[in-house]
Each structure stands twice: as C-alpha cells, then as structure tokens.
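Here is how the chains run, residue by residue.
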Amino acid sequence: MLKTKSERKLAKQICKVVLDHFEKQYSKELGDAWNTIRDILITPSCWQYAVLLNRFNYSFELEKDLRLKGYHTLLQGSLPYYPKSMKCYLSRTPDRMPSERHQIGNLKKYYLLNAASLLPVLALELRDGEKVLDLCAAPGGKSIALLQCAYPGYLHCNEHDSLRLRWLRQTLESFIPQPLVNVIKVSELDGREMGDAQPEMFDKVLVDAPCSNDRNWLFSSDSQKAAWRISQRSNLPVLQIELLRSAIKALRPGGLLVYSTCTLSKAENQDVISEILNSYSNIMPVDIKEMARTCSQDFTFAPTGQECGLLVIPDKGKAWGPMYVAKLKKSWTT
C-alpha cells in the first residue's frame, strides 16, 4: 500500500535514541503489552482523534454528520458523573477531521483531542459554581473540556511557559464566549508557587503535569535534544511532586485533586502518587476503578496496582493514551 507523503515523512522521523530508551524501560514495566503499544505509538496512521463539540457554538449539522460517518459518543450516561452538556464523538477507525482555523470573533465548533485526555476532566466531577484550578493548563484542551461540563464560579488557568501561554490564550479565545471569559483568569506563575499565592482557594484542582510526553518524544527531530531530554528525565518526578505539593496547598479541605500525565512511566505516575500519599496524612486516595469498568469498551487499561490510579494504554482500534489519571481528596483534618 502506498503511504501518503506525510506518513512517509513521519515514519522517517522516529527517534531511535528515545525508542531504545523506552524499549528498555517499558518492556520491563509493561511486559508483553509494550509490543502492541510500541507498534501504535510509532505508526501515526493508526492514531485516532476524538471530536469534542463546543457547546458555545453547537452545530446540529456537525453532530448529524459525525453520526453518519459512524462516530459514537464517549461513555454517554454510563458514568455516575457524566454531564449531558459534554459531547465527545469517537471513531473506531483512524479518521481525522480537519482542524478549524483560528478566526478572531468566531468560536470554533469542535476541538480534536486524544479521547483519553477527557478522563482526568471527568474524574474532577466539576459542578456549576465551583472554583477550579488548571495548574499546567496549556495548550488548553482540558480547560475547554472542563467548561463543557459545568459553569465554574471561577476558573484559574495557569501556564508557566510563555510560548505555551500564548497558545492557551488563543485556545480559550477560540472556544469560549466573551461573558464566560470574565470568570476565567489566566496566569503565568511557576506552578510550584501557586499554593503559597492562593492557599485553600479551590474546590477542584487539575495537575496535568509536564512529563515524558511519550508520543511526542518518539518523534523528536533533533536527536541531540532527545538525548538531553532522556538524561534529564529522572528530574521530572521531583518537579511533579513539587507541583502536587503546591496544588494540595491551593485546595480547600474537602476538595478533589486530579493528577494526570501522558506518559507510561511508573516513576512519573504511580511512584509520584505513592510519594504524596505517604507524606500527607490529610490526602486520601479516591477509588477510580469504576471509571475503568465503565470505559472498557472505548479504552484499554494496564494494571496500576492502585485503586486511585488508571493507566490508558494504546491498543488496536483503541489507539488512545498513554494517559495516567489519579484522584485524591483533601480531608478536613491535618
């Protein structure tokens, strides 16, 4: 079969330094499952894209068209918390809708994303009127998804990286109507300082942490930069733990915290959460297994050994993930 030009281009760019490194680590951590995961991660023609509809510029025609193309809705109605206002369509095949152009004054009708990235948003169980913090918010997909779920009293989107911050602002501008923009604050703070700046301010906090972005790293075009990233990789859990400590300070007692990454790495996932649970007496794990049971028709999960943690792994026909999600609660007693 002839490959398209873009597929040939991507196929050439798999970074051997990263692949070899992942091969060593993930074959040990994930066993046989790694072979399937690897084959999907290095074959972009298998990748799938979900379509999240924008409730602020809803198109009945678009929804009808997606249904006709064989798309189905994600999990609708089957989770205890699944807001009717959030509509996400998935295809079983690697179909990709074209991205809409950013036009000032025009709201986009849909956002393309990895369907697994909606799981941290759903785990947060956002309700109308709540104060919510998205600590590492760029490029903005999860903030957009949160606003499809409920109307928060206050949404604080923070992004420390100035380039990514521009991207975040543009995403929000493309999807969110002006009146709602008034309840959204965008900041460029180092996430590790947020807890001191806004102690016990938020009902819900999402920490979608900087991580070894497995999909992107495999296609690093600069192998020297890739080698440097790998050499620095062991520093990531330190940063992730510091971000979580800050998020815990910013969370009010009784509030929920969701931690997520787009890596398979145990050191950045389960180990980070274990460290947090071992060092706080007022942070409790929240059982999230029901979400895995409910979502099993659309996602494949690897065992995490944690009741509060899920790991979505790419699989044939369900090429979503990697996505790790952990759910924690801050209790009233310290």
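Bear in mind that the values here come from a model prediction, so they are computed numbers and not experimental data.

Judged by nonpolar contacts, the single largest core of 52 residues is most densely connected at Leu-52, Ile-176, Met-291 and Phe-299. Not counting chain neighbours up to four residues away, the residues in contact with Met-291 comprise Leu-79, Leu-119, Leu-122, Ala-123 and Leu-310. Within the second largest apolar cluster, 49 residues are counted, among which are Val-207, Trp-217, Ile-230 and Ile-241.

The next point concerns the packing of helix H2 (residues 16-30) against helix H3 (residues 33-41). Running from amino to carboxyl end, H2 crosses H3 at an angle of 145°, the nearest separation of the two axes being 8 Å. When you trace H2 past H3, the crossing you get is right-handed. Contact with H2, carried on its side by Leu-19, Phe-22, Glu-23, Tyr-26, Ser-27 and Leu-30, involves Ala-33, Trp-34, Ile-37 and Arg-38 of H3 and no other residues of that element. Taken together, the residues of the contact of H2 with H3 sort by class into seven nonpolar, one polar and two charged.

Here we take up the pairing of strand S9 (residues 251-261). When you tally the buried positions in S9, you get ten out of eleven residues, the bulk of the element. With six bridges joining them, strand S8 (residues 202-208) and S9 adopt parallel strand pairing. In the sheet register, Lys-204 faces S9, and the bridge partner there is Leu-256. Sheet topology places S9 next to strand S13 (residues 323-330); six bridges connect them, and they run antiparallel. Looking at the pairing, Val-258 lines up with Lys-327 of S13.

Below, the discussion takes up the pattern of salt bridges. Under the criterion given, the structure shown has 24 salt bridges. Between Glu-125 and Arg-127 there is a salt bridge; the shortest N-O distance is 3.6 Å. Accessibility expressed as a relative area gives 24% for Glu-125, which makes it partly exposed. Exposure remark for Arg-127: the relative accessible area of 43% places this residue in the partly exposed category. In this structure, Glu-125 engages Lys-327 in a salt bridge whose closest nitrogen and oxygen atoms are separated by 2.5 Å. Taken together, the positions of Glu-125 in the loop between helix H5 (118-123) and strand S5 (131-134) and Lys-327 in strand S13 put the pair 202 residues apart, joining distant regions of the chain. Each of the salt bridges in this network shares a partner with another, and the network as a whole consists of Glu-23, Arg-38 and Asp-39.

Moving on to the packing of aromatic side chains. Evaluation of the coordinates by the stated rule reveals eight aromatic pairs. An angle of 10° between the planes, with centres 6.1 Å apart, marks the rings of Tyr-154 and Phe-202 as stacked. Of this pair, Tyr-154 sits in strand S6 (residues 154-158) while Phe-202 sits in strand S8, and the two are 48 residues apart along the sequence. For Tyr-154, a relative accessible area of 17% corresponds to the buried category. Three or more aromatic residues joined by ring pairs form one cluster here, namely Phe-22, Tyr-26 and Trp-34. Seen from the ring of Tyr-151, Arg-55 lies directly overhead, with NZ or CZ sitting 4.1 Å from the centre.

In this structure the tally under the stated criterion is one cavity of 30 Å³ or more. Of the pockets and cavities examined, the largest cavity occupies roughly 30 Å³. Looking at the largest cavity, the residues that line it are Gln-48, His-72, Leu-90, Ser-91, Arg-92, Asp-298, Gly-317, Lys-318 and Trp-320. Grouping the amino acids of the lining of the largest cavity by side-chain chemistry returns two nonpolar, four polar and three charged.

With that settled, the discussion passes to the sheet that holds strand S3 (residues 88-90). The sheet built from four strands is open, its strands ordered S2-S3-S1-S4 with antiparallel pairing. Because the sheet does not close on itself, it has two edges, and the strands there are strand S2 (72-73) and strand S4 (110-113). Direction of pairing for strand S1 (residues 50-53) relative to S4: antiparallel, over a ladder of four bridges. Looking across to S4, one finds that Ala-50 is bridged to Leu-113. Contacts from helix H4 (residues 60-68) reach S1, S2, S3 and S4, with the element oriented near 155° to S1.

In this section: the side chain of Lys-327. Lys-327 gets classed as buried once you look at its relative accessible area, which sits at 7%. There is a polar contact of 2.5 Å between the side chain of Lys-327 and the side chain of Glu-125. Other than its neighbours up to four places away in sequence, Lys-327 contacts Ala-123, Glu-125, Leu-256, Leu-257, Val-258, Met-284, Pro-285, Val-286, Ile-288 and Cys-308.

Taken as a whole, the second largest pocket spans an internal volume of roughly 210 Å³. In terms of lining, the second largest pocket is formed by Gly-105, Asn-106, Leu-107, Arg-169, Leu-172, Glu-173, Ile-176, Pro-177, Gln-178, Val-181, Ile-184 and Val-186. Elements supplying a minimum of two residues to the lining of the second largest pocket: helix H7 (162-175), helix H8 (178-181) and strand S7 (184-187). Ranked by residues supplied to the lining of the second largest pocket, first place goes to H7 with three residues. Residues belonging to the lining of the second largest pocket are distributed by class as follows: seven nonpolar, three polar and two charged.

For S5 and S6, the ladder comprises four bridges, and the chain directions are parallel. Looking at S6, one finds that Asp-134 is bridged to Cys-157. As for the winding sense of the linkage, the β-α-β connection from S5 through helix H6 (residues 141-149) to S6 is right-handed. In this sheet, S8 lies alongside S5 in parallel orientation, the contact comprising three bridges. When the bridges of S8 are listed, Asp-134 appears paired with Leu-206.

Rules used throughout
Each chain carries its own residue numbering, running from 1 in the written order of its sequence. Only residues with pLDDT of 70 or above have their local features reported here, since the model is predicted, and side-chain atom pairs are shown and tallied only from 80 upward, although totals for entire chains, interfaces and linings are computed over all residues. The basis for the side-chain values is all heavy atoms of the structure; hydrogens and waters are excluded. In plain words, nonpolar cores are sets of buried Ala, Val, Leu, Ile, Met, Phe, Trp, Tyr and Cys residues tied together by side-chain atoms within 4.5 Å. A 1.4 Å probe rolled over the protein chains alone gives each residue an accessible area, and that area as a share of the maximum for its type sets the label: buried under 20%, exposed over 50%, partly exposed in between. Residue contacts are counted whenever heavy atoms from the two residues lie within 4.5 Å of one another. Angles run from 0 to 180 degrees between N-to-C directions of axes, and those axes are lines fitted to C-alpha atoms, restricted for helices to the stretch in contact. Every helix listed is a DSSP run of H or I at least four residues long, and every strand listed is a run of E at least two residues long, numbered separately from the N terminus. Handedness of a helix crossing follows the sense of rotation of the near helix relative to the far helix, less than a right angle counterclockwise being left-handed and clockwise being right-handed. In the scheme used here, Gly and all other residues not listed as nonpolar or charged are polar, with Ala, Val, Leu, Ile, Met, Phe, Trp, Tyr, Cys and Pro taken as nonpolar and Asp, Glu, Lys and Arg as charged. In this description, strands pair whenever DSSP reports at least two bridges between them. Put simply, a salt bridge is a Lys or Arg side-chain nitrogen that is within 4 Å of an Asp or Glu carboxyl oxygen. Any Phe, Tyr or Trp ring, taking Trp's six-membered ring, that has another such ring centre within 6.5 Å forms a pair; planes under 30 degrees apart are called stacked, those over 60 apart edge-to-face, and the others tilted. A ring is considered to have a charge above it if a Lys NZ or an Arg CZ atom is located within 6 Å of its centre and within 35 degrees of its normal. As defined here, a cavity is a set of points on a 1 Å grid over the protein atoms alone where a 1.4 Å probe fits but cannot get out. A pocket is an open set with protein on both sides within 12 Å along at least five of seven lines, and residues line them when an atom is within 4 Å of a point. Grid points are joined across faces, edges and corners, and a volume is the space filled by probe spheres set on the points. Any pair of nitrogen or oxygen atoms within 3.5 Å is treated as a polar contact; in protein, a donor-acceptor pairing is required on top of that, and neighbouring residues in sequence qualify only through side-chain atoms on both sides. Viewed with both strands pointing away, a crossover whose connecting path from the first strand over the helix to the second turns clockwise is right-handed.

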